[in-house]
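Chain by chain, the residues:
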Amino acid sequence: MLVIMDFEWAEAGGRVFPTQLSAVRVLPGWRELARFDAIIQPRPEVNWSFMAFNGHSAEEDLSAPTAVTVFRRFFSWLSPHDILCWWSSSQAVAFITLYKTLKKQALKNQERTISDS
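The notes below deal with the structure included here. Note that the structure is a prediction, hence the values are computed from the model and not measured.

Rules and cut-offs
Residues numbered from 1 in each chain as written. Predicted model: local features only at pLDDT ≥ 70, side-chain atom pairs only at ≥ 80, totals over all residues. Heavy atoms only, no water. Helix = DSSP H or I, 4+ residues; strand = E, 2+ residues; numbered from the N terminus. Buried < 20%, exposed > 50% of the residue type's maximum accessible area, 1.4 Å probe, protein only. Polar contact = N/O pair within 3.5 Å; in protein donor to acceptor, adjacent residues only side chain to side chain. Contact = heavy atoms within 4.5 Å. Pairing = 2+ DSSP bridges. Axes fitted to C-alpha atoms, helices over the stretch in contact; angles between N-to-C directions. Salt bridge = Lys/Arg side-chain N within 4 Å of Asp/Glu carboxyl O.

Details of the side chain of Asp82
Moving on, step 1. Following the sequence through the fold, Asp82 ends up in the loop between helix 2 (67-77) and strand 4 (83-86).
Moving on, step 2. The class of Asp82 is buried, set by a relative accessible area of 14%.
Moving on, step 3. Among the polar contacts listed, one links the side chain of Asp82 to the side chain of Arg25, at a separation of 2.8 Å.
Moving on, step 4. Engagement of the side chain of Asp82 in a polar contact is seen with the backbone nitrogen of Ser79, the distance being 2.8 Å.
Moving on, step 5. Sequence-distant contacts of Asp82, defined by excluding residues within four places in its chain, comprise Met1, Val3 and Arg25.

A word on the sheet that holds strand 1 (residues 2-12)
Moving on, step 1. Within the open sheet, the four strands sit side by side as 3-2-1-4. Their pairing is mixed. The two strands at the open ends of the sheet, each matched to only one other strand, are strand 3 (31-39) and strand 4. Adjacent strand axes in the sheet meet at a mean angle of 25 degrees when their direction is disregarded.
Moving on, step 2. Bridge count for strand 1 against strand 2 (residues 15-27) is eleven bridges, and the pairing is antiparallel.

Things to note about the pairing of strand 3
Moving on, step 1. As defined by bridge partners, strand 2 adjoins strand 3 across eight bridges and the pair is classed as antiparallel. Directly across from Leu27, in strand 3, lies its bridge partner Arg31.
Moving on, step 2. With antiparallel pairing between neighbouring strands as the criterion, strand 2 and strand 3 make up a hairpin whose turn holds three residues, including Gly29 at a positive phi of roughly 85 degrees.

A closer look at the pattern of salt bridges
Moving on, step 1. Inspection of every chain in the model, using the stated rule, returns three salt bridges.
Moving on, step 2. One salt bridge connects Asp82 with Arg25, and the closest N-O pair in it is separated by 2.8 Å. Of the two residues, Asp82 sits in the loop between helix 2 and strand 4 while Arg25 sits in strand 2, which places them 57 residues apart along the sequence. When sorted by exposure, Asp82 lands in the same class as Arg25, which is buried.
Moving on, step 3. Note that Arg35 and Asp37 form a salt bridge whose closest N and O atoms lie 3.8 Å from each other.
Moving on, step 4. A relative accessible area of 46% places Arg35 in the partly exposed class.
Moving on, step 5. Owing to a relative accessible area of 47%, Asp37 belongs among the partly exposed residues under this scheme.
Moving on, step 6. Linked through salt bridges whose partners overlap, the residues forming this network are Glu32, Arg35 and Asp37.

Spelled out as structure tokens, the structure:
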């Protein structure tokens, strides 16, 4: 199935900081089958004053799940035959870059947990 993707982020110091992830799984004829929407908890490295434009309250942004949690939920939501379709190549590149970074961090954390045992 086709999954239409929307990924929003901010950049600071050459790093990508995600703000929102949305996806719509569509049937032939562009009928919506399922939807995934998540705001992502702000990181302190970024000036978040512009976030007022997203329509969420500061409390909603601050209590949102972390990027790791959102990515985990998103990949659980995907089905094996989904094909991700992006509005622009820059969204795909930012998403893949962040995914690789989060995956690397998860592996390091796993190694630390094993060595601490």
